[in-house]
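# A closer look at the structure
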Amino acid sequence: MKKLFVILLMVLAISKVGAQNYKTLDEIQIRDPFIYADQSTNTYFLYQTSDTVINGQTRGGVMVWRSNDLQRWAGPKRVFTCPAGNYLTGQVWAPEMRK
């Protein structure tokens, strides 16, 4: 299950990251980010915690930014939201990627 989750996050991150809204790291407010370097595409993926409120319930989630130079970041794009009725409720912290 854990491998499936990691693969899903990578596939979603590799897909187009919304409108090309580039920002620098100074403009992005993130605590405890994780940057994954995909050597095969020379692309960096910056993962961040991003909670959302759905029907009055806070659900944890993850968003990703994409960069080719570690300077300009496109995104963000939501790649995971805890599903309703899941034992995971509240916030998700410190997303980390492994290949």
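Quick summary incoming for the structure in this document. (Residues numbered from 1 in each chain as written. Predicted model: local features only at pLDDT ≥ 70, side-chain atom pairs only at ≥ 80, totals over all residues. Heavy atoms only, no water.)

## Regarding the environment of Cys82
Defined as follows: Secondary structure follows DSSP: runs of H or I at least 4 residues long count as helices, runs of E at least 2 residues long count as strands, and numbering of each begins at the N terminus.
Along the chain, Cys82 turns up in the segment after strand S7 (73-81). Distance in space between the C-alpha atoms of Cys82 and Asp51 is 9.2 Å, their sequence separation being 31 residues.

## Concerning the nonpolar core
In globular proteins that are soluble, nonpolar side chains generally tend to be buried together. To keep it simple, the criterion reads: What makes a nonpolar core is a set of buried Ala, Val, Leu, Ile, Met, Phe, Trp, Tyr and Cys residues whose side-chain atoms join them at distances within 4.5 Å. For every residue, the accessible area (1.4 Å probe, protein chains only) is compared with the maximum for its type, and the residue is labelled buried under 20%, exposed over 50%, or partly exposed between those bounds.
Among the nonpolar cores identified, the biggest contains 11 residues, and these are Phe34, Tyr36, Phe45, Tyr47, Val62, Val64, Val79, Phe80, Cys82, Val92 and Met97. For this core, the secondary-structure elements that each account for two or more residues are strand S2 (34-38), strand S3 (43-49), strand S6 (61-67) and S7.

## Some thoughts on the environment of Thr43
Selection criterion: Residue contacts are defined here by distance: any two heavy atoms, one from each residue, within 4.5 Å place the two residues in contact. Any pair of N or O atoms that falls within 3.5 Å is considered a polar contact. Within protein, one atom must be able to donate a hydrogen and the other to accept it, and sequence-neighbouring residues count only if both atoms are side-chain atoms.
Note on placement: Thr43 falls in strand S3. Overall, Thr43 belongs to the buried group, its relative accessible area being 9%. Along the primary structure Thr43 and Leu70 are separated by 27 residues, whereas in three dimensions their C-alpha atoms are 8.8 Å apart. Residues contacting Thr43, with those up to four places away along its chain left out, are Tyr36, Ala37, Asp38, Arg66, Ser67 and Asn68. At 3.0 Å, the side chain of Thr43 forms a polar contact with the backbone oxygen of Thr41.

Keep in mind these numbers describe shape, not what the thing actually does.
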